[in-house]
Amino acid sequence: MNRVFILGIDGYLGWRLQQHLRGCGHRVSGCDNFFRREVVKSLVPIVRTSAIPRLDIRVTSGLREMLKVFKPDTVVHLAEIPSAPYSMKDAQHTIAVQDNNVIGSLSVLLAMREVCPEAHLIKLGSMGEYIPSSWYHMSKVLDSKNCEYASQLWGARITDVMQGPVYGVGGRFDYDECWGTVVNRWVCMGLAKHDILVYGDGAQVRGFLPIQDSMRCFEIEVAHPPKKAIYRRVNQYAKKHPLKELAGIVASACGVKVKYIPNPRIEANTYEGDTGTEWLEHRGYDPSTDTEAAILELIEHVRPYRDNIDTNQFLPKVRW
Ligand SMILES: NC(=O)c1ccc[n+]([C@@H]2O[C@H](COP(=O)([O-])OP(=O)(O)OC[C@H]3O[C@@H](n4cnc5c(N)ncnc54)[C@H](O)[C@@H]3O)[C@@H](O)[C@H]2O)c1
């Protein structure tokens, strides 16, 4: 049994993770500043069975107190603003994302050093760090550098998770341009009988991850803390696909067409660097390879809410 403290526990991944880790026998607590709830309404109702302490992790003194009381073996840091388009809207949004993510992560490192220096930090990065394509992704790159430095400087034990885009219903479900991940957005387009909108020619290859696989990966990371002071990178995705392949699966399942529109983003087609997932696989991760089955299951999960889907949320409005 581990004592796991989740920062960002009210979010898409966070709430599902606390349920999953409790199911594995861990003692779990966490905090959230409820930013995500305040900026967007979830399509699928948010169900919470217990109160979540409110804390902005940039308030280092408050974080220190919470960690001191809980005494975690593991801290999972999900408490960031996870949106590339949001970070590219204008100067105010760019600064807000970098401030929240970079200063928040630094605050976590500093608080843990004082209160629980031996604890294992699992920090959520992004596969997008291999090809930064927004100020959001740059905040992740800066976080990684700070994590690496904290490990060298005072021996912090850190797993920096390079995670690909997740799909499925989590602690919430969003489909708008800023907060919906791409497959979740397409499922809503398909259920609304709208064309599936693909940015550019759809040849961009990304490592996708069904949410249940994401939970399994976290479970493995929690169960394998570094034995000594180390900063390690772990890539986390089930399978790489070109966007157009997954768009085709959603389109044929929902009986609609795929439509290619000018890419509002400047982005590379493929990742650069070592993107292997051996670390997880050697420790028991068996990636879901039937992406089509996972998408079909997701469509059925979201279908009951299709009348509440707002088609005005489909076209991208932020361009860079
Ligand atoms: N969902 C994905 O596909 C995906 C893919 C790769 C990486 N990630 C990363 O995983 C992490 C979690 O993503 P998510 O999809 O669950 O996002 P989310 O927005 O649903 O969850 C983040 C939670 O953290 C909270 N939060 C944000 N800033 C905070 C702060 N300063 N103090 C306290 N709480 C704060 C938010 O209110 C939210 O509940 C993020 O770091 C994201 O970049 C997600």
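So, here is what we can say about the structure in this document. (Residues numbered from 1 in each chain as written. Predicted model: local features only at pLDDT ≥ 70, side-chain atom pairs only at ≥ 80, totals over all residues. Heavy atoms only, no water.)

Looking at the packing of aromatic side chains
To be explicit about the condition: When two rings of Phe, Tyr or Trp (its six-membered ring) have centres within 6.5 Å they constitute a pair, described as stacked for plane angles under 30 degrees, edge-to-face for angles over 60, and tilted for the intermediate range. Only DSSP runs of H or I with at least four residues qualify as helices, and only runs of E with at least two residues qualify as strands; both kinds are numbered from the N terminus onward. With a 1.4 Å probe rolled over the protein chains alone, any residue whose accessible area is under 20% of its type maximum counts as buried; one over 50% counts as exposed, and the rest are partly exposed.
A full pass over the atoms with the stated rule returns six aromatic pairs. Residues Tyr86 and Trp179 carry aromatic rings whose centres are separated by 5.0 Å and whose planes lie at 50 degrees to one another, so their mutual orientation is tilted. Within this pair, whereas Tyr86 is found in helix α4 (residues 84-87), its partner Trp179 is found in the loop between β6 (166-167) and α7 (182-191), the two being separated by 93 residues in sequence. Accessibility assignment for this pair places Tyr86 and Trp179 in one class, buried. For the ring pair Tyr130 and Tyr271, a centre distance of 6.4 Å and an interplane angle of 70 degrees mean the geometry is edge-to-face. Here the residue Tyr130 occupies a position in the loop between β4 (120-124) and α6 (135-154), and Tyr271 occupies one in the loop between β11 (258-261) and α10 (278-281), the gap between them amounting to 141 residues. Judged by its relative accessible area of 13%, Tyr130 is buried. Exposure remark for Tyr271: the relative accessible area of 12% places this residue in the buried category. Among the aromatic residues, those joined into a ring-pair cluster are Phe35, Tyr86 and Trp179.

Thoughts on the sheet that holds β6
As a reminder of what qualifies: DSSP calls a pair of strands paired once it identifies at least 2 bridges connecting them.
One open sheet accounts for three strands, arranged β6-β8-β10; its pairing is mixed. The open sheet has two edge strands with one neighbour each: β6 and β10 (239-242). In this sheet, strand β8 (residues 205-210) lies alongside β6 in parallel orientation, the contact comprising two bridges. Paired with Val166 across the bridge in β8 is Leu209.

Some details on the sheet that holds strand β9 (residues 231-236)
Note the cut-off: Between N-to-C directions, angles cover 0 to 180 degrees, with each direction set by a line fitted to C-alpha atoms, over the stretch in contact for helices. When checking whether two residues touch, look at their non-hydrogen atoms; a contact exists if any pair is within 4.5 Å.
What the six strands build is an open sheet, ordered β2-β1-β3-β4-β5-β9; its pairing is parallel. Bordering the open sheet on either side are β2 (27-31) and β9, each of which pairs with just one other strand. Neighbour-to-neighbour, the strand axes of the sheet open up by a mean angle of 20 degrees, direction not taken into account. One ladder, built from five bridges, connects β4 with strand β5 (residues 157-163); its direction is parallel. Directly across from Lys123, in β5, lies its bridge partner Asp160. Packed onto the sheet, α6 meets β4, β5 and β9 and runs at close to 145 degrees relative to β9.

Considerations on the side chain of Asp174
Selection rule: Pairing of N or O atoms within 3.5 Å defines a polar contact, subject to two protein rules: one partner must be a possible hydrogen donor and the other a possible acceptor, and residues neighboring in sequence count only if both atoms are side-chain atoms.
Mapped onto the elements, Asp174 comes out in the loop between β6 and α7. A polar contact of 2.7 Å, which involves the side chain of Asp174, links it to the side chain of Arg36. Every residue in contact with Asp174, bar those within four places of it in the chain, is listed here: Arg36, Val40, Lys41, Ser42, Trp179, Gly180, Thr181 and Asn184.

Overview of the pattern of salt bridges
When the charged atoms of two side chains lie near each other, side chains of opposite charge can form a pair. The condition that has to hold: Whenever a carboxyl oxygen of Asp or Glu lies within 4 Å of a side-chain nitrogen of Lys or Arg, that contact is scored as a salt bridge.
Scanning all chains against the criterion turns up 17 salt bridges. For the salt bridge of Asp56 with Arg58, the shortest nitrogen-to-oxygen distance reads 2.7 Å. Taking the shortest distance from any N to any O, the salt bridge between Lys140 and Glu80 comes out at 2.7 Å. Of the two residues, Lys140 sits in helix α6 while Glu80 sits in the loop between β3 (74-77) and α4, which places them 60 residues apart along the sequence. Taken individually, Lys140 and Glu80 each receive the classification buried, so the pair is uniform in this respect. Through salt bridges with shared partners, one network takes in Glu80, Lys123, Lys140 and Asp143.

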